[in-house]
Amino acid sequence: MFDKVLSAIFLPGLLVILFSRVTYNRIIGLALTVALIAASAYKGYTHTLPLIVVDAASLTLGFYYAEKILKRNV
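Between the first and last C-alpha of helix 1 (residues 2-23) there are 32 Å, a value that for 22 residues agrees with the 32 Å anticipated at 1.5 Å per step. Every buried residue of helix 1 is accounted for by Ala8, Pro12, Gly13, Val16, Ile17 and Ser20. Of the residues flanking the end of helix 1, it is Tyr24, one or two places downstream, whose phi is positive at about 60 degrees.

Set out below in structure tokens:
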């Protein structure tokens, strides 16, 4: 369970940043990451409410950081 929480802390935020850098659009990066998390929840890997909350917090922080990066590079 600890590995799932640790992954939920870092991976969604990093995926938002990665997809935003690749597509040059933070909304598309967020949508791709949400789609991946929804697919993992559908398969049963995300099954507790605290894990979903940690995923959402990481997504929010990653989206904020991707916005700062994209504004700085423009």
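More follows now that the structure is in view.
As a further point, take the pattern of salt bridges. What the rule picks out here adds up to one salt bridge. Put simply, Glu67 and Lys71 hold a salt bridge, and the shortest N to O gap is 3.4 Å. Remark: Lys71 and Glu67 occur in helix 3 (residues 49-73); sequence separation between them is four residues, near one turn of the helix.

Closest axis-to-axis distance for the helix 1/helix 2 (residues 26-43) pair is 7 Å, and the angle between their directions is 135 degrees. On the basis of the axis angle, helix 1 is oblique to helix 2. Regarding helix 1 and helix 2, the two cross each other, and that crossing is right-handed. For the pair formed by helix 1 and helix 2, the contact residues are Pro12, Leu15, Val16, Phe19, Ser20 and Thr23 on the first element and Arg26, Ile28, Gly29, Leu30, Leu32, Thr33, Leu36 and Ile37 on the second. Its residues assigned to classes, the contact of helix 1 with helix 2 comprises nine nonpolar, four polar and one charged.

The tendency in soluble globular proteins is for nonpolar side chains to be buried side by side. Counting residues in hydrophobic clusters, the biggest one holds six residues: Val16, Ile17, Ile37, Leu59, Ala66 and Ile69. Sort the elements by how many residues they give to this core and helix 3 lands first, with three residues.

The next point concerns unusual backbone geometry. With a phi angle near 60 degrees, Tyr24 is a residue other than glycine that sits in the positive phi range. Following the sequence through the fold, Tyr24 ends up in the loop between helix 1 and helix 2.

Reading guide: rules and limits
Residues numbered from 1 in each chain as written. Predicted model: local features only at pLDDT ≥ 70, side-chain atom pairs only at ≥ 80, totals over all residues. Heavy atoms only, no water. Helix = DSSP H or I, 4+ residues; strand = E, 2+ residues; numbered from the N terminus. Expected span 1.5 Å × (residues − 1). Buried < 20%, exposed > 50% of the residue type's maximum accessible area, 1.4 Å probe, protein only. Salt bridge = Lys/Arg side-chain N within 4 Å of Asp/Glu carboxyl O. Axes fitted to C-alpha atoms, helices over the stretch in contact; angles between N-to-C directions. Parallel < 35°, antiparallel > 145°, perpendicular 65-115°, else oblique. Left-handed = near helix turned anticlockwise from the far one by under 90°. Contact = heavy atoms within 4.5 Å. Nonpolar A, V, L, I, M, F, W, Y, C, P; charged D, E, K, R; others polar. Core = buried A, V, L, I, M, F, W, Y, C linked by side-chain atoms within 4.5 Å.

None of this, on its own, says anything about what the molecule does.
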